[in-house]
Amino acid sequence: MKTRTRFAPSPTGYMHIGNLRTALYEYLIAKAQGGDFILRIEDTDQKRYVEGATEIIYNTLKTVGMNWDEGPDIGGNYGPYVQSERKNLYAPYAHKLVELGGAHYCFCGEREEQVDEDGNEIICKFEDPCKRIPLEEAKKRVAAGEPYVIRQTINKSGKSKYEDKVYGIIEIDYDELDEGVLLKSDGFPTYNFANVIDDHLMEITHVVRGNEYLPSTPKYNLMYDTFGWQRPVYVHLPTVMKDAQHKLSKRNGDASFQDLVAKGYLPEAIINYIALLGWNPGTEEEIFSIAELEKIFSVDRLNKSPAIFDIVKLTWMNGIYIRALDIAKFHELALPYYKDIPSHVELKALSRALQPRIETLAQIPEQIDFVIALPNYSVDLYINKKMKTDVEVAKANLPEIKKVLEAQDEWNNESLFESLKALAEQLGVKNGQILYPARIALSGKETTPGGATELAVILGKAESLKRIDAAIAKLG
RNA sequence: GGUCCCAUCGUCUAAUGGUUAGGACAUCACCCUUUCACGGUGGUAAUAUGGGUUCGAAUCCCGUUGGGAUCACCA
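A short tour of the structure in this document, coming up. Since the model is a prediction, treat every value here as computed from it, not as a measurement.

1. Describing the overall build of chain A
Inference 1: Along the backbone of chain A there are 19 helices and 11 strands.
Inference 2: Its C-alpha atoms give chain A a radius of gyration of 32 Å, more than 25% over the compact-globule value 23 Å for 476 residues.
Inference 3: If you line up chain A on its principal axes, its C-alpha atoms span 105 × 45 × 35 Å.
Inference 4: Within chain A, the fraction of its 476 residues that count as buried is 49%.
Inference 5: Partitioning the contacts of chain A with sequence separation of at least 6, the portion at a separation of at least 24 is 74%.
Inference 6: For chain A, the accessible area works out to roughly 23000 Å², and carbon and sulfur atoms hold 49% of it.

What follows is the structure, encoded as structure tokens:
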């Protein structure tokens, strides 16, 4: 049988990292076995629907290259792929389940507050009195227009048992399972019901989801069994944590995929990083494209313990991806961060200097502020022990540097470096005693993206000479 | 609280009864060097805890501790 997995998000807002990782594993499980990856929108809770949320889901999946084989926008043989459009499909199954004894009509009405301590009000959930109403009578009340919901009936005792691909055998006592609502009074199914019906009708072979569903899975199995349907293979995933105590969640303002992209992280790096959060290839390699992951992914190597999302390691990995970019591509990505740059600046040279030095694109502005305007720096910057240079050295050498630069025709890194090195030799001083003061004069900063000659190329000849002049004046 | 799940360096993880417990990030030191990076070399750093089983346990079993999940007409 062809492997089919689905990503079934609710359109409730941004795509957070845990969600994206779940989608990724669903995608990879399907693709590793030559199967299909289906996108299904679960919008049965009308109250939580957020406008534009489905577009975010589409865009995110497309950006990272997780192309779905069937979905709301492209259709498929198992549509529709939006649960609200499937609304009329669920009720008949719910009524059928009642006939089969797996569910019952419940007229308890909505409970405002449930009483915990010795109150009798929570009995509806575990031992619903409505399930003792004779079916014929219940049907009459339904036909008469009395409001009702359909609840799951759990009459079994003993232990339920199933196998999960990650966690192994899970046994839960039937007494622990609540008789939850399957069909709401508004006629919509709950997740508990809709996912079973849809996964069956869409012939989903592997149900992949967060491990918060581990305890409720026996309820779904009961339904599969009652309908006489084959249970799917279960793959429950450990949680992605923010720290040892807290789950990563959008509500707490934790980074979403789009937040990370906005902060200058590359989608490829994000995918690579989250693939390794709870899974490993069994080798010591860490850098994988999604296409490579499709080839080597296997559920056997999925981990069961929760993993903490480490932005520091993601940042390192992002740096790897940035450095691997060809310079034209990097330049294109960097361009939006080049704001307020004067026209004399050589942007290509700037990109070349930046690429090996940054780990996220968002680090660009802090690196290039000196290009926009020379900071009002302290002359103490000219003091550097290792370079054997100080204010006096700068004062003596800067006018010589100026002469060389003025005479320089070929304004590129190699030629400039050769010329200044020659100057050092001619003056009988160390390279650093020329290059260090030059760099400070050009940038006014202690650390810069590149050495003196690289900065000169970035700034251009006119601006460079202007800054050297300013430095000479400053030193007095 | 009941139930379920989890537990190797600070973090992500490898080692499916026998390894000097390996790698990566971070961190520290050194090298390279035209500042800073990049790159290179090396160091610090872990089997939560107590019992078993076994010739031998990170690995299997039980308890303890710690953490997470779940118990909605949310998904």
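2. A short note on the packing of aromatic side chains
Inference 1: With the rule as written, the count across this model stands at 13 aromatic pairs.
Inference 2: Relative to W229, the ring of Y93 has its centre 5.8 Å away and its plane inclined at 70 degrees; by these criteria the two rings are edge-to-face. Residue Y93 is located in helix α3 (residues 87-99), and its partner W229 is located in the loop between α7 (217-227) and β9 (233-237); the two are separated by 136 residues in the primary sequence.
Inference 3: Residue classification places Y93 among the partly exposed residues on the basis of a relative accessible area of 23%.
Inference 4: Here W229 falls in the buried class, since its relative accessible area comes to 14%.
Inference 5: Taken together, Y25, W279 and F297 form an aromatic cluster joined through their ring pairs.
Inference 6: Just above the ring of Y78 sits the side chain of R4; from NZ or CZ to the centre is 4.0 Å.

3. Quick look at the pattern of salt bridges
Inference 1: Under the definition given, this model contains 26 salt bridges.
Inference 2: Between R86 and D198 there is a salt bridge whose closest N-O contact spans 2.7 Å. Of the two residues, R86 sits in the loop between α2 (53-64) and α3 while D198 sits in helix α6 (residues 191-201), which places them 112 residues apart along the sequence.
Inference 3: Judged by its relative accessible area of 2%, R86 falls in the buried class.
Inference 4: Bridged by salt links that share partners, the residues R6, E26, R40, E42, R86, D198 and D199 form one connected network.

4. Thoughts on the layout of surface pockets
Inference 1: The space that makes up the largest pocket amounts to roughly 1300 Å³.
Inference 2: What lines the largest pocket is a set of 41 residues, among which S10, T12, H16, N19 and R48 lie closest to the centre.
Inference 3: Going through the elements one at a time, β1 (4-7), α1 (17-32) and β8 (206-210) are the ones with two or more residues in the lining of the largest pocket.
Inference 4: With five residues, α1 is the largest single contributor of residues to the lining of the largest pocket.
Inference 5: Residues belonging to the lining of the largest pocket are distributed by class as follows: 15 nonpolar, 13 polar and 13 charged.

5. Describing the protein's contact with RNA strand B
Inference 1: In the vicinity of RNA strand B lie 61 residues, with N280, E286, R357, F417 and G450 positioned nearest.
Inference 2: Among the atoms of RNA strand B lying within 4 Å of the protein, the sugar-phosphate backbone contributes 72%.
Inference 3: One nitrogen or oxygen atom from the main chain of I308 is found 3.1 Å from a phosphate oxygen belonging to RNA strand B.
Inference 4: Of all elements in the fold, only β6 (168-173), α6, β11 (307-308), α11 (311-324), α16 (413-427), α17 (431-443) and α18 (452-459) reach the threshold of two or more residues within the surface near RNA strand B.
Inference 5: If one sorts the elements of the surface near RNA strand B by residue count, α11 sits on top with four residues.
Inference 6: A class-by-class count of the residues in the surface near RNA strand B yields 22 nonpolar, 18 polar and 21 charged.

6. Notes on empty space enclosed by the protein
Left-over empty space is what a probe sized like a water molecule reveals as it rolls over the atoms.
Inference 1: Tallying each qualifying case throughout the model produces one cavity of 30 Å³ or more.
Inference 2: Taken as a whole, the largest cavity spans an internal volume of roughly 40 Å³.
Inference 3: Breaking the lining of the largest cavity down by element, the ones donating at least two residues are α15 (391-407), α16, α17 and α18.
Inference 4: Class assignment for the residues of the lining of the largest cavity results in eight nonpolar, one polar and no charged.

7. What about the side chain of T60?
Inference 1: Its location among the elements puts T60 in helix α2.
Inference 2: Polar contacts involving the side chain of T60 include one to the main-chain carbonyl oxygen of I56, which spans 2.7 Å.
Inference 3: Apart from the residues within four sequence positions on either side, T60 is in contact with M15, L20, F257 and Q258.

What counts, and at which threshold
- Residues numbered from 1 in each chain as written.
- Chains lettered and ligands numbered in written order.
- Predicted model: local features only at pLDDT ≥ 70, side-chain atom pairs only at ≥ 80, totals over all residues.
- Heavy atoms only, no water.
- Helix = DSSP H or I, 4+ residues; strand = E, 2+ residues; numbered from the N terminus.
- Rg over C-alpha atoms; globule rule 2.2 N^0.38 Å.
- Buried < 20%, exposed > 50% of the residue type's maximum accessible area, 1.4 Å probe, protein only.
- Contact = heavy atoms within 4.5 Å.
- Areas by Shrake-Rupley, 256 points an atom, 1.4 Å probe, with all protein chains shown as cover.
- Phe/Tyr/Trp six-rings, centres within 6.5 Å; stacked < 30°, edge-to-face > 60°.
- Lys NZ or Arg CZ within 6 Å of the ring centre and 35° of its normal.
- Salt bridge = Lys/Arg side-chain N within 4 Å of Asp/Glu carboxyl O.
- 1 Å grid on protein atoms, 1.4 Å probe; cavity = no way out; pocket = protein on both sides within 12 Å on 5 of 7 lines; lining within 4 Å.
- Points joined across faces, edges and corners; volume = space filled by probe spheres on them.
- Nonpolar A, V, L, I, M, F, W, Y, C, P; charged D, E, K, R; others polar.
- Near = heavy atom within 4 Å.
- Polar contact = N/O pair within 3.5 Å; in protein donor to acceptor, adjacent residues only side chain to side chain.

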